[in-house]
Amino acid sequence: MQLQVFILSMPMLCSALPSLYPAPAQESVGSSYWLDQGQREIRRVEHETIRSLLKSRAKHVVLFIGDGMGVSTVTAARILKGQLENSSGDEAQLSFERFQHTALAKTYNTDYQTADSAGTATAFLTGVKTRSGLLGVNGNAIRGNCSSLTDETRLTSFLRMAADEGRAVGIVSTTRLTHATPAAAYSHSVDRGWESDSSSTSDDRSRCPDIARQMLLNAADYKVILGGGRQNFLPEELKGKRKDGANLIREWQAKQGSLNCSRRAYIETRNQLLDLEPDKVDCVLGLLSSSHMEYHAENMMKQNLSERQPSLAEMTTKALELLTVYGKDTGLVLLVEAGRIDHGHHGNQANRALHETVALSDAVEAAVQLLKQKKLLDETLMIVTADHSHVFTMGHYGLRGQPITQLKYKRNATTGRLQLDKAGDDLPLTVLNYADGRGASKSRHDRWSINAPAEDTTKADYQFPAMMLKSGESHGGEDVPVFARGPGSHLVQGVHEQTHVAHVIMYSAHLGPYASSQRESFQPTVAPNIKSAIFVNAAYIFKLVSGFVGFV
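It should be emphasised that the depicted structure is a prediction, and the values quoted were computed from it without experimental measurement. (Residues numbered from 1 in each chain as written. Predicted model: local features only at pLDDT ≥ 70, side-chain atom pairs only at ≥ 80, totals over all residues. Heavy atoms only, no water.)

Undergrad: When you look at the overall build of the protein chain in this model, what are you seeing that I'm missing?
TA: Assigned secondary structure in the protein chain consists of 16 helices and 17 strands. Burial statistics for the protein chain: of 552 residues in total, 56% are counted as buried. A sequence separation of at least 24 residues applies to 73% of the contacts in the protein chain between residues at least 6 apart. Entry remark: accessible area of the protein chain is about 23,500 Å², with carbon and sulfur atoms responsible for 51%. (Helix = DSSP H or I, 4+ residues; strand = E, 2+ residues; numbered from the N terminus. Buried < 20%, exposed > 50% of the residue type's maximum accessible area, 1.4 Å probe, protein only. Contact = heavy atoms within 4.5 Å. Areas by Shrake-Rupley, 256 points an atom, 1.4 Å probe, with all protein chains shown as cover.)

Undergrad: How do you make sense of the UniProt feature "active site" (unreviewed entry) in the protein chain when you look at a structure like this?
TA: Using the residue numbers shown here, the UniProt feature "active site" (unreviewed entry) corresponds to Ser117. Residue placement: Ser117 occurs in helix α4 (residues 117–126). The exposure class of Ser117 is buried, given its relative accessible area of 3%. Residues contacting Ser117, with those up to four places away along its chain left out, are Asp67, Ala180, Arg192, Asp387, His388 and His475. One polar contact links Ser117 to Asp67, side chain to side chain, over a distance of 3.5 Å. (UniProt positions renumbered as here; feature names shortened; annotations may be inferred. Polar contact = N/O pair within 3.5 Å; in protein donor to acceptor, adjacent residues only side chain to side chain.)

Undergrad: Looking at this structure, how should I read the packing of helix α3 (residues 71–84) against helix α13 (residues 350–373)?
TA: To describe two helices that pack against each other, one gives the angle between their axes and the distance between the axes. The interhelical angle for the contact between α3 and α13, taken along N-to-C directions, is 80°, at an axis separation of 9 Å. The orientation of α3 relative to α13 falls into the category roughly perpendicular. For the pair α3 and α13, contact is made by Thr73, Ala76, Ala77, Leu80, Lys81 and Leu84 and by Leu354, His355, Thr357, Val358 and Ser361, respectively. Split by residue class, the contact of α3 with α13 holds 6 nonpolar, 4 polar and 1 charged. (Axes fitted to C-alpha atoms, helices over the stretch in contact; angles between N-to-C directions. Parallel < 35°, antiparallel > 145°, perpendicular 65-115°, else oblique. Nonpolar A, V, L, I, M, F, W, Y, C, P; charged D, E, K, R; others polar.)

Undergrad: I would appreciate a short explanation of the pattern of salt bridges in the present structure.
TA: When their charged atoms lie close together, side chains carrying opposite charge are able to pair. Scanning the model with the defined rule gives 28 salt bridges in all. Of the charged contacts, one joins Arg400 and Asp90 as a salt bridge, the two residues approaching to 3.2 Å between their closest N and O atoms. Note that Arg400 is positioned in the loop between β10 (392–394) and β11 (409–411) and Asp90 in the loop between α3 and β2 (101–106), a separation of 310 residues in sequence. Note on Arg400: relative accessible area 37%, which makes it partly exposed. A residue is classified by how much of its surface remains accessible, and Asp90, at 36% relative accessible area, is partly exposed. Three or more residues joined by partner-sharing salt bridges are found here, namely Asp197, Asp210, Arg242 and Asp244. (Salt bridge = Lys/Arg side-chain N within 4 Å of Asp/Glu carboxyl O.)

Undergrad: I would appreciate a short explanation of the pairing of β2 in the present structure.
TA: A regular strand places its side chains so that they alternate between the two faces of the sheet. Residue alternation in β2 divides its side chains into a buried set, His101, Ala103 and Ala105, and an unburied set, Thr102, Leu104 and Lys106. Bridging between β2 and strand β17 (residues 494–497) involves 4 bridges; their strand directions are parallel. Bridging across to β17, Leu104 finds its partner in Val495. (Pairing = 2+ DSSP bridges.)

Undergrad: Where do I start with the packing of helix α7 (residues 211–218) against helix α8 (residues 248–255) in this structure?
TA: Contact pair α7 / α8: the axes reach a minimum separation of 10 Å and the direction vectors enclose 5°. Taken together, the axis directions place α7 and α8 in an arrangement best described as roughly parallel. The segment α7 lies against α8, with Ala212, Arg213, Leu216 and Leu217 engaging Leu248, Glu251, Trp252 and Lys255. Of the residues in the contact of α7 with α8, the class split is 5 nonpolar, no polar and 3 charged.

Undergrad: How should I be thinking about the sheet that holds strand β4 (residues 224–228) in this particular structure?
TA: Sheet strands associate in pairs through backbone hydrogen bonding, adopting either a parallel or an antiparallel arrangement. Taken in spatial order, the 10 strands of this open sheet run β5-β6-β4-β3-β7-β1-β8-β16-β2-β17, and their pairing is mixed. Each of the sheet's edge strands pairs with one partner strand only, and the pair in question is β5 (264–267) and β17. Shown here is a sheet whose adjacent strand axes are inclined to one another by a mean of 15°, direction ignored. Bridge count for β5 against strand β6 (residues 283–287) is 4 bridges, and the pairing is parallel. The residue bridging Arg264 from the neighbouring strand is Cys283, located in β6. Along the sheet face, helix α11 (residues 312–326) touches β1 (60–66), β3 (168–176), β4, β6 and β7 (332–338) and points at about 165° away from the line of β3.

Undergrad: Looking at this model, I keep getting lost on the nonpolar core. Mind explaining?
TA: If you look at soluble globular proteins, the nonpolar side chains tend to sit buried side by side. Leu63, Phe64, Phe158, Leu159, Leu226 and Leu360 are the most contacted members of the largest nonpolar core, which has 122 residues in total. Here this core takes 11 residues from α13, the largest share from any one element. When sequence neighbours within four positions are dropped, the list of residues in contact with Leu360 reads Phe64, Gly66, Met69, Phe96, Leu312, Ala338, Ile341 and Val384. (Core = buried A, V, L, I, M, F, W, Y, C linked by side-chain atoms within 4.5 Å.)

Undergrad: Got a minute to help me understand unusual backbone geometry in this structure?
TA: A negative phi angle characterises most non-glycine residues, just as the trans form characterises most peptide bonds. Positive phi outside glycine occurs at Asn260, with the angle close to 60°. One non-glycine residue, Asn348, lies in the positive phi region at around 60°. Inspection of the secondary structure assignment puts Asn348 in the loop between α12 (340–346) and α13. In this structure Asn348 comes out as buried when scored by relative accessible area, which is 0%.

Undergrad: Can you walk me through empty space enclosed by the protein in this structure?
TA: Rolled over the atoms, a probe with the dimensions of a water molecule shows which regions are left empty. Using the criterion set out here, one finds 3 cavities of 30 Å³ or more in the structure. In this structure, the largest cavity encloses a volume near 90 Å³. Only α10 (296–300) and α13 provide two or more residues apiece to the lining of the largest cavity. It is α13 that provides the largest number of residues to the lining of the largest cavity, a total of 3 residues. Residue classes in the lining of the largest cavity are distributed as 6 nonpolar, 5 polar and 2 charged. (1 Å grid on protein atoms, 1.4 Å probe; cavity = no way out; pocket = protein on both sides within 12 Å on 5 of 7 lines; lining within 4 Å. Points joined across faces, edges and corners; volume = space filled by probe spheres on them.)

Undergrad: How do you make sense of the sheet that holds β10 when you look at a structure like this?
TA: The mixed open sheet is built from 3 strands, whose spatial order is β10-β13-β14. Only two strands of the sheet have a single partner each, and these edge strands are β10 and β14 (466–469). The mean inter-strand angle of the sheet, taken between neighbouring strand axes irrespective of direction, is 20°. Of the pairings in the sheet, the one linking strand β13 (residues 432–437) to β14 comprises 3 bridges and is parallel in character. Residue pairing in the sheet places Gly437 in a bridge with Leu469 of β14. With respect to the sheet, α3 is in contact with β10 and β13, its orientation differing from that of β10 by roughly 50°.

What follows is the structure, encoded as structure tokens:
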């Protein structure tokens, strides 16, 4: 963590002594290293694929969402992670890049080519695509029109399905819990903006309650709920936003008695979270910030630990510590969102977005290690994906080891020394850029208003250059990656509709249309072929698996 703080606050030294991060010592420019590396990767992927096929039922499910985490964000964050560890970064891996199955998901909404987070969250949590701005309702609903919310337009998330079957369900997010992604896990709203009664324009509050109210109505039996957004649950006299005078936190506490949760816990701080013990509490609501939680990089720079909010890894770890106890017999389903990747990108603040992505990688690794320790990893389906991308790019032919968040260097053709690179307009370049946003110059005559090298591009709030001026940077419309491991992960391959994520989870965990009582009517034609292949190659599979018993 000290390395991370150092890199983020490092002064610009480009004009004095620019340097590159080193490539790994074991790497060579010859053939042997790359041939050996390629063969190791083939054996790893082959082994992991067989393991995923041998166990088809997922008792536990963990879905991680990197809000706004497109392919370019994954690549740049991977390099940042490596550079935080003092390597060139290109050869590094985020934890979820080691998952054995990868695919692409198409993110469009039914009415928009480039999606918003509400429509996409509905797609990957319910298995049904819908319009932009809608939560938990299908495309027959109309945004802002309460009367279009009917029994026919309501959708059910796989988290709700799991809770109805008695499984232990949880939500973790670094955004407000009423924000798009977590809200789609429990709400049915024709407008994602109706987070509290003060922001709702509904003319029928009984038919269309605000999203915070719906968390109490529809998710009070979720065992662990951790995130931000306290203001939407409290009345104005308690520094909240509610105009109806309701204290939904007290209502949640009162409701737990009827839900077989007498040992309830409501928390607001990191210390309270870390002190939770599964044998002393049966359900948890943590509203850990008034609005969104703090950006990871700034939060971790606080020297006084009591002032820090919990990290995404800490929230994920605690949620799993609790849920693995609550769902020991029935199974668990957990949704984890790294929601502020998106917010960093919207401000052209790539430093924030990339550190949030590295924090997501840390949370995934923490989850893997905890489940492995509890011997639950092989029966857990884990998926990491994004709701949409951003108009964020990485290019300009950076040298190997180019500091990913600094101004671009080049080698002097005569001396071989590093020096700042410049474009045709004699202004410096960065490796990271945006198509639009606040990082664009307000003048048509200047590409970029930077005063280099005095301006520090490594600052958390530095706005990277953009081509077109907008008040907020845009989402990207391209496909996003899907990474999967565990039972059912072999179904993640190729290019899918984003709804495929929900169907893989429901199928592997026997939920909804794939519930045990209905599975006989659903027989995939590929199943016999897979079984035959495994039978014919049983000796080979045994040899392969036994040779890699300790490999994960």
